[in-house]
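# Observations on the model geometry
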Amino acid sequence: MFRPRSETRRPTVSVTVEGRPIAVPVGASAAAAVLAAGFDSIRETAGGSERMPYCMMGVCFDCLAEIDDVPNRQSCMVEVRDGMRICRQIGARRIHRAAG
Amino acid sequence: MEHYDAIVIGGGLVGSAIAYGLARAGQKAALLDEGDVAFRASRGNFGLVWVQSKGDGAPHYQRWTRQSADEWPALAEELLTKTGIAVGHHRPGGLHLCLDEAELATRHAMMERMRTQSGNFGFDYRMLDRSELAELLPGLGPTVVGASWTPYDGHANPLNLLHALHKGFVEKGGRYIPNSTVTEASAASGDFRIRAGGGEIGAAKIVLAAGLGNAALAPHFGLSAPVKPLKGQILVTERAREMLPLPLTTIRQTAEGTIMLGDSQEDAGFDTSQRPAVMQTIARRAVLAFPWLRDLQIVRAWAALRVMPPDGLPIYDQSERFPGAFTANCHSGVTLAGAHANLFAPMVAAGMLDPALEPFSARRLDVPAAV
């Protein structure tokens, strides 16, 4: 559905979205990587509905993803770096609680 | 001029609950809502239906709060049936954490006083020690020494409650009039006229439930409502899997998974700005209680103004000078929604407040200040 504009000739970095490698321009957001990789959703709400990046400006929270093992990141607000791992956010996040 | 049995001024939780109860009782009612210029405590509150800390030294308030919490399940069920809106009411009991032994002893003494003051009405509570508490709440911070618990406490989604009350009111035949700041009011017993939002309406009864606006409105009706703002700030985290099976005084997890942190109190006039120092204190205390909160991102934060009577207790009155004019003032619009819809509104419909509400009259405040 989305492809890079032809005039962009920026250098790229390599990230994975759900394990699938993709090259995206330096400075792009993780949400852009999700769209460029052709995914039609990146998270499931707590109620089980699929969501994909929508507002691309940090407002709607529909682009939540687990990025480099940190859950619930707003992927549109995170800049890609080489080797970044972007994974589906399924439902509300888990918390690891140490024994009190 | 349109004429009603009753006009309710104030479309927040207090006014909406009363208006809903009036319409359900068959009264032809109008609900005036000021609009976005209002301070709207109902849209900034914490969402507790809270009993355990209310009414030390004022058993009538403890009882009223308990009665309201007892009305809540029926109100929530009725709103779901009538409007299709789930207000998310849960009543698993509630906890108040104590972070050191002195706090725990003070809390225990207060709970015991309240049990004594409750008389035959009863007041069940338990003090939980650290090991009991740790079983209930894994991941408890090392400085927590214990907690008080009562079965009466719970929580709900306050925005859904407000929505459901508005919808239920309209479905029962009530007329909701938005963007209507009261600009003129005239009062004669049984004949009240209000100019608001460019129109004039009249009614045999009027209920002032305008939150902080009541302070200025009440004298027009021979009433007194010396309420003042008390600022509270709230932090909201990202959604997480269920971590807290029951609400705490200053920390609760919503049905959707967000965790709300709050309960600051600042006397800052009508200022609704947020202050980082207060937000830090809220976060620091929360992390002392539950260190795992440290990993959660804060996604929203806001400040709102409580509607606070001078002694913290609600004010309910019917005007002696202009019978038919009532006031309702409190800082617990969520907790008291059950009482307002199911107990207070029928009294207004009948034209007489129950003698049990006598101690809530603003007359209690007519004491000359000590020099």
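Presented here is an overview of the structure given in this document. (Residues numbered from 1 in each chain as written. Chains lettered and ligands numbered in written order. Predicted model: local features only at pLDDT ≥ 70, side-chain atom pairs only at ≥ 80, totals over all residues.)

### Let's talk about the overall build of chain B
Scanning chain B from terminus to terminus reveals eight helices and 17 strands. Here the C-alpha atoms of chain B give a radius of gyration of 21 Å, agreeing with the 21 Å that 2.2 N^0.38 yields for 371 residues. Within chain B, buried positions represent 49% of all 371 residues. Nonlocal contacts in chain B, meaning residues at least 24 apart in sequence, comprise 73% of its contacts between residues at least 6 apart. (Helix = DSSP H or I, 4+ residues; strand = E, 2+ residues; numbered from the N terminus. Rg over C-alpha atoms; globule rule 2.2 N^0.38 Å. Buried ≥ 20, exposed ≤ 12 C-beta atoms within 10 Å, placed from the backbone. Contact = placed C-beta atoms within 7 Å.)

### Section: unusual backbone geometry
Residues and elements named next belong to chain A. Phi at Met 56 takes a positive value of approximately 60 degrees, unusual for a residue other than glycine. Looking at the secondary structure, you find Met 56 in the loop between strand E4 (50-51) and strand E5 (64-67). Take Met 56: there are 16 C-beta atoms within 10 Å of it, and that puts it in the partly exposed class. In the Ramachandran plot, Asp 69 falls in the positive-phi region, its phi being about 70 degrees despite a non-glycine side chain. For Asp 69, the position within the fold is in the loop between E5 and strand E6 (70-74). A residue is classified by how many C-beta atoms lie within 10 Å of it, and Asp 69, with 7 of them, is exposed.

### Regarding the environment of B:Leu128
Residues and elements named next belong to chain B. Inspection of the secondary structure puts Leu 128 in strand E5 (residues 126-129). Take Leu 128: there are 19 C-beta atoms within 10 Å of it, and that puts it in the partly exposed class. Sequence separation between Leu 128 and Trp 149 is 21 residues, and the spatial gap between their C-alpha atoms is 7.2 Å. Apart from residues lying up to four places away in sequence, Leu 128 is in contact with Leu 133, Gly 146, Ala 147 and Trp 149.

### Brief notes about the interface of chain B and chain A
If you look at the interface, chain B gives 17 residues, while chain A gives nine residues. Residues of the side of chain B that touches chain A, tallied by class, amount to eight nonpolar, four polar and five charged. (Nonpolar A, V, L, I, M, F, W, Y, C, P; charged D, E, K, R; others polar.)

### Notes on the sheet that holds E5(B)
All names here are of chain B. Spatially, E4-E6-E5 is the arrangement adopted by the three strands of the open sheet, whose pairing is antiparallel. The open sheet is flanked by strand E4 (94-98) and E5, the only strands paired with a single partner. Averaged over all pairs of adjacent strands, the angle between their axes in this sheet comes to 25 degrees, without regard to strand direction. Pairing of E4 with strand E6 (residues 146-150) involves five bridges; the strand directions are antiparallel. Note that in E6 the partner of Leu 95 across the bridge is Trp 149. (Pairing = 2+ DSSP bridges. Axes fitted to C-alpha atoms, helices over the stretch in contact; angles between N-to-C directions.)

### What about helix H7 (residues 276-289) of chain B?
All names here are of chain B. For H7, which comprises 14 residues, the first-to-last C-alpha distance of 20 Å matches the rise-based estimate of 20 Å (1.5 Å per residue) to within 8%. Where H7 is concerned, the buried positions are Ile 282, Ala 286 and Ala 289. Along H7, the residues classed as buried sweep out an arc of 55 degrees about the axis, all on the same side. Opposite its buried face, H7 presents the exposed residues Pro 276, Ala 277, Gln 280 and Arg 284, each directed more than 90 degrees away. Where the residues of H7 are buried, they touch E4, strand E12 (228-237), strand E13 (251-253) and strand E14 (259-261). (Expected span 1.5 Å × (residues − 1). Arc of directions from axis to C-beta.)

So yeah, pure geometry; function would need other evidence.
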